[in-house]
Amino acid sequence: MPTTTALSLREVTLELGDGDSKVRPLDNVSLEIKRGEFVGVIGPSGAGKSTLLAVAGALATPDSGVVNVLGQDLAKLAQSQGKLAKFRLRSIGFVFQSGNLIPALNAADQLRLVNKISKGPSSFDPMPLLDAVGVAHKAKNLPRQLSGGERQRVGIARAFVTNPGLLLVDEPTAALDRQRSQQVVALLAEQCHERDVATIMVTHDHDVLGHCDRVVEMIDGRLSPAAS
Amino acid sequence: MFLALRELKFARGRFGLMGAVVSLIAVLMVMLSGLSSGLVNDGVSGLKSLPVTAFAFDEGTKTDNAFSRSVVDSEQVETWQSQVGITHAEPVGAGMTNATTEDGTQIDLSLFGIQPDSFLVPDVSEGETLEGLAGIVVSKTAKNDGLDVGTVITLDRIDTELEVVGFTEGQATFGHVDMAYLHLDTWRLIASGAAQAGIPTQEQVDALDFNVASVIAVQAEDGFDFSTADLAAATETVSLQESFNSSPGYEAETLTLSMIQVFLYAICALVVGAFFTVWTIQRQHELAVLRALGASGRYLLRDSLTQASILLVAFTSIGVGIGIALGTAMPDGMPFALEVTPILTSSILTIALGLVGAAVAILRITRIDPLTALGGQR
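Nothing here was measured: the structure is a model prediction, and the numbers come from that model. (Residues numbered from 1 in each chain as written. Chains lettered and ligands numbered in written order. Predicted model: local features only at pLDDT ≥ 70, side-chain atom pairs only at ≥ 80, totals over all residues. Heavy atoms only, no water.)

Undergrad: Help me out: how do you make sense of the domain arrangement of chain B in this one?
TA: It is common to report an interface's size as the accessible area lost on association of the parts. Residues and elements named next belong to chain B. According to the domain assignment, chain B contains domain 1 (2–44 + 251–376) and domain 2 (60–233). Here domain 1 and domain 2 have C-alpha centroids that lie 48 Å from each other. Every contact between the two is made by six residues of domain 1 and, on the other side, six residues of domain 2. At the boundary of domain 1 with domain 2, total buried surface from both sides reaches about 500 Å², with 34% on carbon and sulfur atoms. Summed over the three residues of domain 1 that lose the most area to domain 2, namely N41, D42 and G43, the buried surface amounts to 71% of that side. (Domains from an automatic or database assignment. Contact = heavy atoms within 4.5 Å. Buried area = accessible area lost by both parts, 1.4 Å probe.)

Undergrad: In this structure, what is going on with the sheet that holds strand 2 (residues 23–34) of chain A? I would like to understand it.
TA: One key point about sheets: their strands pair by backbone hydrogen bonds, in either a parallel or an antiparallel sense. All names here are of chain A. Taken in spatial order, the four strands make up an open sheet running 2-1-4-5, and their pairing is antiparallel. Edge positions in the sheet fall to strand 2 and strand 5 (72–73), since each has one partner strand and no second. Across five bridges, strand 1 (residues 5–16) lies against strand 4 (residues 64–69) in antiparallel orientation. Counted as the bridge partner of L9 is V67 from strand 4. (Pairing = 2+ DSSP bridges. Helix = DSSP H or I, 4+ residues; strand = E, 2+ residues; numbered from the N terminus.)

Undergrad: Sorry if this is basic, but what is going on with the nonpolar core here?
TA: Across soluble globular proteins, nonpolar side chains show a tendency to be buried alongside one another. In this structure, L7(A), V69(A), L113(A), L130(A), I200(A), F276(B) and L290(B) are the most contacted members of the largest nonpolar core, which totals 118 residues. Among the elements that make up this core, the one with the highest residue count is helix 9 (residues 250–282) of chain B (eight residues). Discounting chain neighbours no more than four positions away, the residues touching F276(B) are F15(B), S304(B), Q307(B), A308(B), L311(B), A358(B), A361(B) and I362(B). Judged by nonpolar contacts, the second largest core, of 35 residues, contains A56(B), V72(B), I216(B) and A233(B). (Core = buried A, V, L, I, M, F, W, Y, C linked by side-chain atoms within 4.5 Å. Buried < 20%, exposed > 50% of the residue type's maximum accessible area, 1.4 Å probe, protein only.)

Undergrad: Could you clarify how one ought to interpret the pattern of salt bridges in this entry?
TA: Opposite charge on two side chains lets them pair, provided their charged atoms get close. Counted according to the given criterion, the structure contains 15 salt bridges over all chains. Residue R24(A) is joined to D27(A) by a salt bridge in which the shortest nitrogen-to-oxygen separation is 3.3 Å. Two residues, R6(B) and D109(A), come together in a salt bridge whose shortest N-O distance is 2.9 Å. With R6(B) in helix 1 (residues 2–10) and D109(A) in helix 4 (residues 107–117), the pair connects residues from two separate chains. (Salt bridge = Lys/Arg side-chain N within 4 Å of Asp/Glu carboxyl O.)

Undergrad: Please explain the interface of chain A and chain B as it appears in this structure.
TA: Tallying the contact residues gives 26 residues for chain A and 23 residues for chain B. Roughly 2300 Å² of surface becomes buried between chain A and chain B when both sides are summed, with 72% attributable to carbon and sulfur atoms. Taken together, the connections running from chain A to chain B amount to one salt bridge. Counting every contact that joins chain A to chain B gives three residue pairs in polar contact (both at pLDDT 80 or more). Elements supplying a minimum of two residues to the side of chain A that touches chain B: helix 1 (49–56), helix 3 (81–91) and helix 4 of chain A. Grouping the constituent residues of the side of chain A that touches chain B by class yields 15 nonpolar, four polar and seven charged. (Polar contact = N/O pair within 3.5 Å; in protein donor to acceptor, adjacent residues only side chain to side chain. Nonpolar A, V, L, I, M, F, W, Y, C, P; charged D, E, K, R; others polar.)

Undergrad: Would you take a moment to explain the sheet that holds strand 6 (residues 92–95) of chain A for this structure?
TA: Residues and elements named next belong to chain A. The six strands lie next to each other as 6-7-8-3-9-10, forming an open sheet whose pairing is mixed. Looking at which strands have only one partner, the edges of the open sheet turn out to be strand 6 and strand 10 (222–223). Of the strand pairs in this sheet, strand 9 (residues 214–219) and strand 10 are connected by two bridges, and their pairing is antiparallel. Paired with M218 across the strands is L223, a residue of strand 10. Strands in contact with helix 6 (residues 148–159) are strand 6 and strand 7 (166–170); relative to strand 6, the strand with the most contacts, it is inclined by about 175 degrees. (Axes fitted to C-alpha atoms, helices over the stretch in contact; angles between N-to-C directions.)

Undergrad: Quick question: what am I supposed to make of unusual backbone geometry here?
TA: With the exception of glycine, most residues fall at negative phi, and the peptide bonds are largely trans. Residue and element names in this part refer to chain A. Of note in the backbone geometry, E11 takes a positive phi value of approximately 45 degrees without being a glycine. Of note, E11 is situated in strand 1. The exposure class assigned to E11 is exposed, which follows from its relative accessible area of 52%. Not every positive phi belongs to a glycine, and L70 is a case in point at roughly 50 degrees. Summarising the element assignment, L70 is placed in the loop between strand 4 and strand 5.

Undergrad: What is the right way to read the environment of E242(B) from this model?
TA: Residues and elements named next belong to chain B. Topologically, E242 is positioned in helix 8 (residues 240–243). A relative accessible area of 46% means that E242 is categorised as partly exposed. For the pair E242 and T345, spaced 103 residues apart in sequence, the C-alpha to C-alpha distance is 22 Å.

Undergrad: Could you clarify how one ought to interpret the packing of aromatic side chains in this entry?
TA: The geometry of an aromatic ring pair comes down to the distance between the two centres and the angle between the two planes. Residue and element names in this part refer to chain B. The full count for this structure, using the stated rule, is 15 aromatic pairs over all chains. Measuring from ring centre to ring centre gives 5.1 Å for F57 and F67, while their planes differ by 75 degrees; the resulting arrangement is edge-to-face. Taken together, the residues F57 in strand 1 (residues 54–58) and F67 in helix 3 (residues 66–69) connect sequence positions ten residues apart. A single burial state applies to F57 and to F67, both of which are buried. Ring centres 6.2 Å apart and planes at 40 degrees place the aromatic pair W80 and F226 in the tilted group. Taken together, the positions of W80 in helix 4 (residues 74–81) and F226 in helix 7 (residues 226–233) put the pair 146 residues apart, joining distant regions of the chain. W80 sits in the buried class, given a relative accessible area of 0%. Each member of the aromatic cluster is reached from another via a ring pair, and the members are F55, F57, F67, F112, F174 and Y181. When the ring centre of F2 is taken as reference, the NZ or CZ atom of R6 above it lies at 3.7 Å. (Phe/Tyr/Trp six-rings, centres within 6.5 Å; stacked < 30°, edge-to-face > 60°. Lys NZ or Arg CZ within 6 Å of the ring centre and 35° of its normal.)

Encoded structure:
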């Protein structure tokens, strides 16, 4: 069913731990992101930013509230772990800190692996995607032979292999200098708009927020009123 | 297999070291298997080649060295021969002896006295079949001691002379000593102490009142009830396979080697398991990323088991190859035999138990939380 809203979180709450150690990384969070929208999430460490990504990415199940991704209620999908995993594989892309590439695979194989896992076409060619992020000439290089920025670009290309409708980006500039940070986030914003992919980027880096369509702030598990 | 092969190539140093250990275990397995087969052949190849279903020992004979302890008389033999369902029942005289060849070479022989017209007469690869009171058919391996057709040997202390008339088709040893088939009457002369210097004669045999043998070799129809016959003949029957334990040292040797092999299998499983435990822990974050990207636990398990299988099969094959090469270079005097079935069995067990060890280690993949791939959760 076509929808312009790619991600919808309504009154989502998640508690972790027991007794005195109980924390609430998500406290009655509501957020809506449309396709092609690039949203930045800022906030101090431990505010719940990564937990927001985990819940939106179907890696964690909230205690209450509704999470809807591309028209699918994740709580209903979660009744079958197989279906949930397949949905995550085909509809949600992840970009991790430092790219989090597999050390044994060269840049092209990083993409081929995701295509294989998702049972994509056997004729899959990683070169157009690597070209789109500007690292086609490094296709045969292993992660250790790439710079931090190049690793992150490969990570971005990898996230787009399955043509996801929702992209979750976790601290993409954590290991990059100022110039490379700008380049990587600009690339993310460009790809997000070009591919019409709803994107949430969690970051500490306020310098890159200019590339975002919207910025929300998380403090103690709550989205700030101004941001929401 | 996509990831498995690339990781094997990427971490070839680590996998190479592990593989070298697996290969060494496989080499040891082949050597032990060869020694085991060699010792079995050396111990009981003579018995194995007999067309016998079972051996009947005198009642109450202690199992160890039963062939030389047991004494059966002609009445017991006749009782066995009269049983319905028995195809053949023939007396056999067994015993060890020392002898000297014409050129002064000292040899040991395991004497097996049989009737020259019995079903136990061995086929010969060279010379003539068993004939005459002085003729002996010896194991083919006795050629290594310089024996040839026509060689006359003199038994130590009694100076009885016997002549080699033929050689068996293959190795025929008992208790690590070459077997010599001879006329039962000649065996009786020797066993009774009535044998005299020179060639045994019919007059000596005729004068002897010693109608005993060591055991009764039995060939029976399928389903024959040995217990009834044992009761009637006052004997204890053991199958051909069980009779191997009556060969001197057989049980101790095979048990020792089997125990070493069992320990090696256990070591293989433990070493491979330990390696894959460390390997999986090292890849924990990488596996969490793959889970977060959508790879199922089953996919990652299959991939890792494929990796372990490739490692085990490849390096076990290399080890077996090295083991076989070393085995062919073993000196003639060493009881060593390369046989396909035991080598194949030990190879399969090495791979299978290594895989069990790897599987136990790899199972932790299913417990990896994809959430740990996210920075804040690390």
